[in-house]
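Residue strings, one per chain:
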Amino acid sequence: MASCSHVRSFAACLRYPQTMRLTANSLRSPCRSISSGSFSRAPTFNLHLSLHRCRQASSPTLFRSLGRRHIHAQQFQPFVPPPPSSLGKPVAAKSYRRTLTWLRRFIYLTLSLGTIYTVDQYFYASCLTRTARTFALGIIVAIDYKLDFRPDPPLASSIAAVHARNAERLSELLRVNGGLYLKIGQAIAMQSAILPPEFQKMFSRMFDDAPQNDWEDVARVIEEDFGKPAEEVFGVSFTGEPGSGVMERTARASASVAQVHWAKLSDGREVAIKIQKKEIAQQVKWDLWAFKVVTWVYSRVFDIPFYSLIPFVNERLFLETDFENEADNAERMARFIAAEPRLRNRVYIPKVYRELSSKRVMTAEWIEGARLWDKDTITRPWYGGWREGSPGCYGTPLDPRGTKPAPRPSSYNHSTAEKLKPERDHWKGRYGRGGLGLSLNEVMKTMVDLFSAQMFLWGWLHCDPHPGNWFVRRKPNGKAELVLLDHGLYVHMEPSFRHQYARLWKALLTFDNKSISGIVKEWGVNNADLFASATLLRPYQGGEKTTSKALEGLSKKERAKLQYEMQQAMRQAAREFLGDETKWPRELIFISRNMRIVQANNQFLGSPVNRIKIMGIWASRALVESPDLPLSEKIKNYGRHIVFKFVLLSSDVFFYFYKIRQILGLGGGMEDELEAQMKHMARDMGVELSQPVFEG
């Protein structure tokens, strides 16, 4: 116990070195008084004994070390603070003014941006945010191409890698912004063949369905346009009230600008209600302005003459958001078809109900049918009734006779995606393996006839005939009927331009190079061969071969060496193509879009018809039948038309040659062969036509 107390005393000394120094001095001079009154002599003597015993128990080296460090011989001196004179001049405390200033600026900027973002999102449909995002991406892409579009990019492994990353950036912008950006993306996708393969793959995804708006947003648009809720406008009930109609709150289809809801009115009519998404009205002008600014900058930075065409494109896209304009187009086209005996019973335009339509809401009759992309349903055997058509076609009732009406909903759950429209597939037979029993040749010939009449005879051209805008129905006599939807995007061709375009087609098919050069020079085009190939969607072999001659100076090694030279050649070809952009007919932008889609539809269905011959006959016939031409000229054109039809018989030889080869499994159809030739010609110009229009 005593030894333990000694150890504890020694530990206390180590913990309080001042105490240890005082004790050590007392050990040297026992009779000396200690200035501090807090220590007595008895504890000092005890500590002396403890130190003595600990020295015997511990090693001499450790004890000597402790003694040297903590035991001093001199007398203890209390701490005295230094005099003020030795501290130097006084210095002001640091205030960090610049740091605080920048911190305040950062806080103010953050609050301002947060406020602008919130106001923009809730009151302006994110117009400012979308525009800023567009400009930022435009600057990034422009800088990227300025730095890396060269044979050996410093910041990329290859030019293809530069295209790939910018294609992903653009894809993300179109996806995030949505709305009209998707519509612009679809418009570019129709001409994406002239873009690098990386962009072609990205744009092929532009035809996917867009996300739909919630019912609350849809109901708000209806109430804003009509001044009363949807229940009163359409006479429907969502709680199953007797005598009222019904309506689905979940859209049956959703596109970039609008979505379509099914409804059955109280009088029994089934309608498709097309409702514009609520944000489009606020976004459309901002989006088109941003598109205009970006294209202006790019046309200057990359020296490509196309900016003067943009205002016309913007005007067409803006009209596509006006559903009253769409109703006008639909009714006009219905009148044209009703007056044309060659199309009267082959094409149908759904009736528009004006009393239930507005600028942002359009109500038309509901159409049942097979989509154009569903080749199996179109061609499989018909299992419906004898001398009956598909539902709703030529007086055929939508539901079979004796079918009980679907039960009315007694209540509606907002979280439920209800489907009230009955499924009408009884004509497919018991096991659902039937179809319309139609010929693809008949379907495709009707489509080419319709657009040829629009282009050469009427001068009003539907510019969005992608497969989603077609329904195919079976008439009671077993013939096909095509239903054309979505009449928002049309272009009007003035009579003088329409006649020029018809004469151009005749000249192309008879290799009349003098007429071709004269027409295209009036349109500001320098390279007649290139324009002829773009019009026919096949290489033009009857001209002066200006395109191939421009590449004669390149060796095989130079042709295949780098993408850079080839893509630079394409840019030069674009300048030659649009020699004088002020003379370029703006309508050709959408005419080429229409023809590309029709060509892709024909190719998708297996090239069942000779598209070029059909369009050529309509072009020649229009110069005989057009009411805008004098009688004397019509008579001359009639004689030329007879000769022209005999000349076109030669094109049938090539068509049936490829058709037989296709049947034998030795190759594709005529459209496939023409596309292969176009790919070969385009590859010489630095363009890879590698992506089908509707892939994906």
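Residues numbered from 1 in each chain as written. Predicted model: local features only at pLDDT ≥ 70, side-chain atom pairs only at ≥ 80, totals over all residues. Heavy atoms only, no water.

## Re helix α14 (residues 323-338)
- Here α14 spans 22 Å end to end across 16 residues, near enough to the 22 Å set by a 1.5 Å rise per residue.
- Within α14 the residues assigned to the buried category are Phe323, Asn325, Glu326, Ala327, Asn329, Ala330, Arg332, Met333 and Ile337.
- The N-terminus of α14 is capped by Asp322, whose side-chain oxygen sits 3.1 Å from the backbone nitrogen of Glu324. (Helix = DSSP H or I, 4+ residues; strand = E, 2+ residues; numbered from the N terminus. Expected span 1.5 Å × (residues − 1). Buried < 20%, exposed > 50% of the residue type's maximum accessible area, 1.4 Å probe, protein only. Polar contact = N/O pair within 3.5 Å; in protein donor to acceptor, adjacent residues only side chain to side chain.)

## Topic: unusual backbone geometry
- Of note in this structure, Arg387 is not a glycine but carries a positive phi near 55°.
- Considering the arrangement of structural elements, one finds Arg387 in the loop between α15 (375-379) and α16 (440-458).
- With a relative accessible area of 54%, Arg387 lands in the exposed category.
- Even without a glycine there, the phi angle at Asp486 is positive, about 55°.
- The topology assignment puts Asp486 in the loop between β10 (480-484) and β11 (490-492).

## Here we look at helix α5 (residues 97-123)
- The end-to-end C-alpha separation of α5 is 38 Å, in line with the 39 Å expected for 27 residues at 1.5 Å each.
- A positive backbone phi angle near 55° is found at Ala125, which sits one or two residues after α5.

## Thoughts on the pattern of salt bridges
- On inspection of all chains with the given rule, the structure shows 32 salt bridges.
- With a closest N to O distance of 3.9 Å, Arg269 and Glu355 form a salt bridge. Taken together, the residues span a long stretch of sequence, with Arg269 in the loop between β3 (258-264) and β4 (270-276) and Glu355 in the loop between β5 (347-348) and β6 (361-365) at a distance of 86 residues.
- Owing to a relative accessible area of 28%, Arg269 belongs among the partly exposed residues under this scheme.
- Accessibility expressed as a relative area gives 52% for Glu355, which makes it exposed.
- The partner of Lys613 in a salt bridge is Asp652, with the nearest N and O atoms 2.5 Å apart. Note that Lys613 is positioned in helix α24 (residues 611-625) and Asp652 in helix α25 (residues 631-663), a separation of 39 residues in sequence.
- For Lys613, a relative accessible area of 18% puts it in the buried group.
- Through salt bridges with shared partners, a single ionic network connects Glu270, Glu368, Asp399, Lys421 and Arg424. (Salt bridge = Lys/Arg side-chain N within 4 Å of Asp/Glu carboxyl O.)

## Structural notes on the packing of aromatic side chains
- Scanning all chains against the criterion turns up 13 aromatic pairs.
- Between Trp286 and Trp289, the aromatic rings sit 6.2 Å apart at their centres with planes inclined by 85°, giving edge-to-face as the arrangement. Highlighted residues: Trp286 and Trp289, both in helix α12 (residues 280-301), separated by three residues, approximately one helical turn.
- Trp289 gets classed as partly exposed once you look at its relative accessible area, which sits at 44%.
- Aromatic pair Phe655 and Tyr656: ring centres 5.1 Å apart, planes at 75°, arrangement edge-to-face.
- Look at Phe655 and you get buried, because its relative accessible area is 6%.
- Among the aromatic residues, those joined into a cluster by ring pairs are Phe456, Phe497, Tyr501, Trp505 and Trp523.
- Directly above the aromatic system of Trp102 lies the positively charged group of Arg105, at a separation of 4.7 Å from the ring centroid.
- The ring of Phe238 has Arg249 lying over it, and the distance from NZ or CZ to the ring centre is 3.7 Å. (Phe/Tyr/Trp six-rings, centres within 6.5 Å; stacked < 30°, edge-to-face > 60°. Lys NZ or Arg CZ within 6 Å of the ring centre and 35° of its normal.)

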